[in-house]
Amino acid sequence: MHCVSSKYSVMMVSFCQGALLLSLAAAMAVYADMKVDCGPDFVTLMWSESRPQADTSLLRLGNCFPTSFSAGEAFFYVDLTDCNFRRLVTGDALVYSNDLTYVASADSYNLAFTHPVVCAYERPKDWYATIYDPVFKTYSLGDLQFNIGLMNDDFSGPAESTRFPLGSIIPIMASVVQETHQPLLLLLEECVAATTPELYPESTMYPIISNKGCLLESVSSRSKFEPRQKSSEIRLSLQTFTFAMGEEVFIHCKLLAWDPNGLDSTKKACHFVDGHGWELLDNLAQSNLCDCCESKCKSRRQRSVASEKHGMVQKAVIGPFTITDVNS
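Parameters at a glance
Residues numbered from 1 in each chain as written. Predicted model: local features only at pLDDT ≥ 70, side-chain atom pairs only at ≥ 80, totals over all residues. Heavy atoms only, no water. 1 Å grid on protein atoms, 1.4 Å probe; cavity = no way out; pocket = protein on both sides within 12 Å on 5 of 7 lines; lining within 4 Å. Points joined across faces, edges and corners; volume = space filled by probe spheres on them. Helix = DSSP H or I, 4+ residues; strand = E, 2+ residues; numbered from the N terminus. Nonpolar A, V, L, I, M, F, W, Y, C, P; charged D, E, K, R; others polar. Core = buried A, V, L, I, M, F, W, Y, C linked by side-chain atoms within 4.5 Å. Buried < 20%, exposed > 50% of the residue type's maximum accessible area, 1.4 Å probe, protein only. Contact = heavy atoms within 4.5 Å. Salt bridge = Lys/Arg side-chain N within 4 Å of Asp/Glu carboxyl O. Pairing = 2+ DSSP bridges. Phe/Tyr/Trp six-rings, centres within 6.5 Å; stacked < 30°, edge-to-face > 60°. Lys NZ or Arg CZ within 6 Å of the ring centre and 35° of its normal.

A. Region of the structure containing empty space enclosed by the protein. Counted by the stated rule, this structure contains 1 cavity of 30 Å³ or more. Volume-wise, the largest cavity comes out at about 30 Å³. Lining the largest cavity are I148, I172, L188, C191, I208, L236, L238, I251, C253 and I318. Sorting the residues of the lining of the largest cavity by element identifies β15 (185-194), β19 (233-239) and β20 (248-258) as the ones contributing at least two each. Among the residues forming the lining of the largest cavity, the class breakdown is 10 nonpolar, no polar and no charged.

B. Examining the nonpolar core more closely. Counting residues in each nonpolar core, the largest one holds 50 residues, and the members touching the most others are L188, I208, F225 and I251. Among the elements that take part in this core, β20 stands out by supplying 7 residues, more than any other. Contact partners of I251, with chain neighbours within four places excluded, come to I172, C191, V192, A193, I208, L238, A316, V317, I318 and F321.

C. Spatial organisation of the pattern of salt bridges. Summed over all chains, the structure comprises 6 salt bridges. Across the salt bridge formed by R86 and D99, the nearest N and O atoms sit 3.2 Å from each other. Of this pair, R86 sits in strand β9 (residues 86-90) while D99 is found in strand β10 (residues 93-102), placing the two residues 13 residues apart along the sequence. Taken individually, R86 and D99 each receive the classification buried, so the pair is uniform in this respect.

D. Examining the pairing of strand β22 (residues 277-280) more closely. Sheet analysis places strand β21 (residues 270-273) next to β22, joined by 4 bridges and oriented antiparallel. Across the sheet, V273 pairs through a bridge with G277, a residue of β22. If you look at the hairpin formed by β21 and β22, you'll find 3 residues sitting between the two strands, and G275 has a positive phi there, around 85°.

E. Structural context of the packing of aromatic side chains. For the coordinates displayed, the defined rule picks out 8 aromatic pairs. With a centroid separation of 5.6 Å and an interplanar angle of 10°, the aromatic rings of Y102 and F113 are classed as stacked. Residue Y102 is found in strand β10, and its partner F113 is found in strand β11 (residues 113-122); the two are separated by 11 residues along the sequence. On the accessibility criterion, Y102 (5% relative accessible area) is buried. With 5.7 Å between their ring centres and 80° between their planes, F272 and W278 make a pair best called edge-to-face. Looking at W278, the relative accessible area reads 12%, which means it is buried. Cation over ring: R60 sits above F65, and NZ or CZ is 3.7 Å from the ring centre. Its end group placed over the ring of W258, K267 keeps NZ or CZ at 4.9 Å from the ring centre.

Next up, the structure:
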């Protein structure tokens with residue numbers, strides 16, 4: 001059962017599964033319908049869109065991508081502990097809030113928008129919060145926590161081994177923790193393999209990602225970026241290579257957290273797809289941003305300096321791991 005069907009010129013309040021759901025709506029034309037259920041520890045949201053030119057894959061609930069989408073609908077099924085939901089305890093209420101956003105393409109006729117989604121529950125009498133999460137949007141960058149590591153085959157947990165036969169796939173996942181920040185898009189701006197945990201001028205390096213987010217290894221192997229589950233995560237399936245076989249290998253990466261609406265030729269994740277060429281991970285319609293992967297993707301000096309200054313760029317190291325010869 002859907003507890004709210006909200007046309008975008010009204011504010012509706014109703015009870016659903018013991019929760020008070022508030023759906024706040026902006027004064028805009030009636031072209032969409034949003035239905036939300038507040039479960040005991042999860043939320044479902046269905047967005048129905050009547051405009052044929054709207055791309056429902058560009059909707060985000062916090063930092064989460066749609067669970068599924070079609071030409072006219074986007075569906076989210078998410079936990080309240082996920083997707084950057086914010087929590088506040090006030091009196092007898094336990095309130096979770098988030099934002100539904102539309103990330104418009106630069107050449108889109110549809111404007112970007114944000115709508116709040118709030119679920120309020122009666123606080124259990126024996127429940128007391130030890131941490132009060134702030135309930136507000138902030139665009140201050142502050143401190144961000146970056147993580148990167150080797151994963152198992154389906155990215156559900158850490159790798160069970162650090163030995164990978166030549167030709168096999170190394171699953172790599174990076175993420176950024178952003179509890180009090182605007183939704184950010186995590187990118188791998190640069191990655192190189194080396195045989196040392198530190199890079200030195202004399203280090204022998206094997207480029208994997210360069211040119212501001214171009215996955216070079218995808219041109220001649222099965223390496224690729226996997227579809228995103230969250231904007232704050234990026235998953236890479238990297239096919240093993242012959243560099244430093246049998247030795248300890250480290251991958252040195254530069255991680256970049258960026259505005260999802262600010263993609264350009266220097267802020268992107270691109271991989272090469274046979275029969276299609278270079279494709280942009282986050283929006284195929286903007287794959288022209290990857291055209292420079294065959295030449296030089298020029299940096300915008302002012303923007304790059306600003307991102308370094310505010311701590312949006314983080315260097316990280318994965319490893320060591322070993323690539324083994326399947327015949328040995």
